[in-house]
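Chain residues, written in single-letter form:
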Amino acid sequence: EMQKVLLGKGKVRIPKAKTEDEFRKIKENGEALLKQGKREGVWILLMLTCGCRIGELETVAPSENSITVIGKGNKERKIPCNNSLLEALRTFKADGRGGYRQDRKYIDKVLRAMGYTHFHALRHTYATVLHHRGLNLEEISKLLGHSDISTTQIYAKTKINEGVTKILDEI
């Protein structure tokens, strides 16, 4: 009888993601910081446009058209990256004082001083925007480094079928 009991994961909440307008504003701010030669722009854009966790920022390595990061469980993954961010990663010093590879506590402190909070929401925004723009959950799962597709399925809850009200209005 006990084998028939399935235990759930508890309460599953819809991820707290920013709107597409907020996404654009944060992206523009990150790009402006890059133009000013500030590594804070690198951090913001890695979380927002590559879906990196704050703890993964110290493992980022640029390649030709993507970045490589080491995530949870010491898993390595490649993530597509736009040219301006890749150029900044190649231009900025990576390690040492003033480098973009810093401890998560330091990054947290600096970005909070700039008014940013809830850094994981930037990762949620990345996944949500990709899903709303038509990328399937399997691809998003690979980009985020999820080992189980069920972890990524929370983003399916963020998409609202706008045709529902139209159907009901026709009745």
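Refer to the structure above for everything that follows.
Student: Run through the pattern of salt bridges, naming residues and quoting values.
Tutor: Where charged atoms from two side chains of opposite charge come close, those side chains can pair. All chains considered together, the criterion is met by 7 salt bridges. Across the pair Arg-112 and Asp-108 runs a salt bridge, and its minimum N-O distance is 2.8 Å. Taken together, the residues Arg-112 and Asp-108, both in helix H4 (residues 104-113) and 4 residues apart, mark about one turn of the helix. The partly exposed category is assigned to Asp-108, whose relative accessible area is 23%. Ionic contacts of the salt-bridge type, sharing partners, join the residues Glu-20, Asp-21, Arg-24 and Arg-133 into one network.

Student: Got a sec to walk through the pairing of strand S3 (residues 76-80)? Specific residues and values, please.
Tutor: Burial of S3 is one-sided: the residues Arg-77 and Ile-79 facing one way are buried, the residues Glu-76, Lys-78 and Pro-80 facing the other way are not. Where strand S2 (residues 66-70) and S3 come together, 5 bridges link them in antiparallel fashion. Paired with Thr-68 across the bridge in S3 is Lys-78.

Student: How would you summarise helix H6 (residues 137-144) if you had to cite specific residues and measurements?
Tutor: It helps to recall that an α-helix has 3.6 residues per turn; residues three or four apart then point in one direction. Listed as buried for H6 are Leu-137, Ile-140, Ser-141, Leu-143 and Leu-144. Mapping the buried residues of H6 onto a view down its axis gives an arc of 165°, with all of them on the same face. Set apart from the buried face of H6 by more than 90 degrees, the exposed residues are Glu-138 and Lys-142. Looking at the packing, one finds that the buried side of H6 touches S3, helix H5 (120-132) and helix H7 (149-152). The N-terminus of H6 is capped by Asn-136, whose side-chain oxygen sits 3.1 Å from the backbone nitrogen of Glu-138. Where H6 ends, the next residue or the one after it, Gly-145, has phi of about 80°, a positive value.

Student: So, the packing of H5 against H6: which residues are in play, and what are the values?
Tutor: Packing of H5 against H6 brings their axes to within 10 Å, and their N-to-C directions diverge by 155°. When the interaxial angle is binned, H5 and H6 end up roughly antiparallel. Where H5 crosses over H6, the handedness of that crossing is right-handed. Across the interface between the two elements, Arg-123, Tyr-126, Ala-127, Leu-130 and His-131 from H5 touch Leu-137, Ile-140, Leu-143 and Leu-144 from H6. Of the residues that constitute the contact of H5 with H6, the class distribution is 7 nonpolar, 1 polar and 1 charged.

Criteria and thresholds
- Once a new chain begins, its residue numbering starts again from 1 and follows that chain's sequence as written.
- Confidence filtering applies because this is a predicted model: local features only for residues at pLDDT of at least 70, side-chain atom pairs given and counted only at 80 or more, and all residues used for totals across whole chains, interfaces and linings.
- Hydrogens and waters are ignored; side-chain quantities use all the structure's heavy atoms.
- For salt bridges, the criterion is a side-chain nitrogen of Lys or Arg within 4 Å of an Asp or Glu carboxyl oxygen.
- A run of H or I in DSSP counts as a helix once it spans at least four residues, and a run of E counts as a strand once it spans at least two, with each numbered from the N terminus.
- The rule is simple: take the accessible area with a 1.4 Å probe, protein chains only, and divide by the maximum for that residue type; under 20% is buried, over 50% is exposed, in between is partly exposed.
- Pairing between strands is defined by DSSP: at least two bridges between the two strands are required.
- Note that the arc is computed from the directions linking the helix axis to the C-beta atoms.
- For this analysis, residues touch if any pair of their heavy atoms sits within 4.5 Å.
- Polar contact criterion, stated in full: a pair of N or O atoms within 3.5 Å, where within protein one must be able to donate a hydrogen and the other to accept it, and residues adjacent in sequence count only if both atoms are side-chain atoms.
- Between the N-to-C directions of two axes lies an angle of 0 to 180 degrees, each axis being a line fitted to C-alpha atoms and, for a helix, fitted only over the stretch in contact.
- Small angles under 35 degrees read as roughly parallel and large ones over 145 as roughly antiparallel, with 65 to 115 read as roughly perpendicular and the rest as oblique.
- Helix crossings get a hand from a simple test, with the near helix turned counterclockwise from the far one by less than a right angle marking a left-handed crossing and a clockwise turn marking a right-handed one.
- Residues are grouped as follows: nonpolar covers Ala, Val, Leu, Ile, Met, Phe, Trp, Tyr, Cys and Pro; charged covers Asp, Glu, Lys and Arg; every other residue, Gly included, is treated as polar.

Distances and angles like these do not, on their own, reveal function.
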